[in-house]
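Descriptive analysis of the structure
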Amino acid sequence: MLAGKIAFVTGAGGGIGRATCQLLAKANAKIIASDCNVTSAKETIGILEGNGHMAIRIDVSNGKEVNDAFNNIIENYHTPPSIIVNAAGIIRDNFLLNLTEEDFDKVLNVNLKGTFLITQKACQHLVDAGKPGSIVNISSIVGKRGNRGQCNYASSKAAVETFSKSVAQEMARYNIRCNTVLPGFISTSMTEGVPDKVKDMFHSLIPLKRFGKPEEVAEVIKFLSSDASSYVTGTSIFVSGGLE
Ligand SMILES: NC(=O)c1ccc[n+]([C@@H]2O[C@H](COP(=O)([O-])OP(=O)(O)OC[C@H]3O[C@@H](n4cnc5c(N)ncnc54)[C@H](OP(=O)(O)O)[C@@H]3O)[C@@H](O)[C@H]2O)c1
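Because the structure is a prediction, the values reported are computed rather than measured.

Across its full length, the protein chain holds nine helices and seven strands. Its C-alpha atoms give the protein chain a radius of gyration of 17 Å, within 12% of the compact-globule value 18 Å for 244 residues. Oriented by its inertia axes, the alpha-carbon framework of the protein chain measures out at about 50 × 35 × 35 Å. Going through the 244 residues of the protein chain one by one, you find that 50% of them count as buried.

Pairing between side chains becomes possible if they bear opposite charge and their charged atoms approach one another. Applying the stated criterion across every chain yields a total of six salt bridges. We note a salt bridge from Asp227 to Lys5, for which the minimum N-O separation is 3.7 Å. On the criterion of sequence distance, the pair formed by Asp227 in the loop between helix 9 (214-225) and strand 7 (236-239) and Lys5 in the segment before strand 1 (6-10) is long-range, its members being 222 residues apart. Residue class for Asp227 comes out exposed when judged on its relative accessible area of 53%.

Let us look at helix 3 (residues 63-77). Its 15 residues give helix 3 an end-to-end C-alpha distance of 21 Å, which sits within 8% of 21 Å, the value for a rise of 1.5 Å per residue. Buried within helix 3 we find Val66, Ala69, Phe70, Ile73 and Tyr77. For helix 3, the angular spread of buried residues about the axis comes to 100°, placing them on one side. Residues of helix 3 that are exposed and point over 90 degrees away from its buried face: Lys64 and Glu75. Along its buried surface, helix 3 packs onto strand 1, strand 2 (30-35), strand 3 (54-57) and helix 4 (101-129). With a side-chain oxygen lying 3.0 Å from the backbone nitrogen of Lys64, the N-terminal cap of helix 3 falls on Asn62. Downstream of helix 3 by a residue or two, His78 has a phi angle that is positive, lying close to 60°.

Let's shift gears to helix 1 (residues 15-26). Between its first and last C-alpha atoms helix 1 spans 17 Å; for twelve residues at 1.5 Å apiece the expected length is 16 Å, and the two agree. Buried within helix 1 we find Ile16, Gly17, Ala19, Thr20, Cys21, Leu23, Leu24 and Ala25. As for helix 1, its buried residues are in contact with strand 1, strand 2, helix 2 (38-46), strand 4 (83-86), strand 6 (176-183) and helix 9. Phi turns positive one or two residues past the end of helix 1, at Asn28, with a value near 80°.

Counting 38 residues, the largest nonpolar core has Phe8, Ile32, Ile56 and Ile118 as the members making the most contacts within it. If you list the elements that add at least two residues to this core, you get strand 1, strand 3, helix 3, helix 4, helix 6 (151-171) and strand 6. At seven residues, the largest contribution of residues to this core is made by helix 4. With residues up to four places along the chain from it excluded, the contact list for Ile32 reads Ile6, Ala7, Phe8, Val9, Met54, Ile56, Ile73 and Tyr77.

The description of two packed helices rests on the angle between their axes and on the distance between the axes. Running from N to C, helix 4 and helix 6 point in directions that differ by 15°, and their axes come no closer than 9 Å. On the basis of the axis angle, helix 4 is roughly parallel to helix 6. Read as a crossing pair, helix 4 and helix 6 show a hand that is right-handed. Contacts from Asp103, Phe104, Val107, Leu108, Asn111, Leu112, Thr115, Phe116, Thr119, Cys123 and Val127 in helix 4 reach Asn152, Tyr153, Ser155, Ser156, Lys157, Ala159, Val160, Phe163, Val167 and Met171 in helix 6. A per-class count over the contact of helix 4 with helix 6 returns 13 nonpolar, six polar and two charged.

Conventions used here
Residues numbered from 1 in each chain as written. Predicted model: local features only at pLDDT ≥ 70, side-chain atom pairs only at ≥ 80, totals over all residues. Heavy atoms only, no water. Helix = DSSP H or I, 4+ residues; strand = E, 2+ residues; numbered from the N terminus. Rg over C-alpha atoms; globule rule 2.2 N^0.38 Å. Buried < 20%, exposed > 50% of the residue type's maximum accessible area, 1.4 Å probe, protein only. Salt bridge = Lys/Arg side-chain N within 4 Å of Asp/Glu carboxyl O. Expected span 1.5 Å × (residues − 1). Arc of directions from axis to C-beta. Contact = heavy atoms within 4.5 Å. Polar contact = N/O pair within 3.5 Å; in protein donor to acceptor, adjacent residues only side chain to side chain. Core = buried A, V, L, I, M, F, W, Y, C linked by side-chain atoms within 4.5 Å. Axes fitted to C-alpha atoms, helices over the stretch in contact; angles between N-to-C directions. Parallel < 35°, antiparallel > 145°, perpendicular 65-115°, else oblique. Left-handed = near helix turned anticlockwise from the far one by under 90°. Nonpolar A, V, L, I, M, F, W, Y, C, P; charged D, E, K, R; others polar.

Given below as structure tokens:
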């Protein structure tokens, strides 16, 4: 289904990023797994089906590292990746009255600026090469509904969605699509440390009455990455068990 395609995934050492790499590799894509923690990106590569994959370390919030990484990829594969999945993300939760400027900036820098830097660089290379592409960005249901203790995270995720819609409109003329996935509460290392009280609150609100699995988000990312969604751009898909 994705034979001959190269997929570049950020946050590839994490729950959703790793599940996405696994699913795309199973569909015969070659995977570039990137993470700020190169050991976890290498672990992801180690469990993938097929060959021709590579792991690279990138801090997505650092423009020079992003630029160098794309040069490295093109040197290796002689073509830019046509599937981009921006799954790197962080939380630094605190209530508004206690939230530090540093934690506000850090979350916006990784979640929003990182998505911008990777998307821009990928699009520049695709446009230069005259190739089509598909970009999938990860927002969150809290980017729609807000959340106590997550002013920084929720606003970064709301911005990722409108950023993606704008990219979709600008890049359509180059046949580069851009869509957003909005996961609900997914069991990964990001949600591991959430206090039981908060988990119970979310659980009670989810119509399907369970938390999601990273593989369930990866399935939707695969759809948006592939030609099965060739007429889909600038849209957002909830993967949240019905919670909006
Ligand atoms: N899990 C959920 O319930 C949920 C819900 C909605 C949206 N999302 C979003 O889905 C995406 C994936 O989340 P996840 O649940 O899979 O979380 P995760 O397991 O924590 O994975 C995130 C990955 O991103 C990496 N990362 C952090 N900062 C980075 C940076 N500056 N540059 C490159 N990589 C960086 C992390 O590395 P380290 O571990 O070394 O920091 C980690 O490997 C995120 O954007 C998240 O906001 C998750």
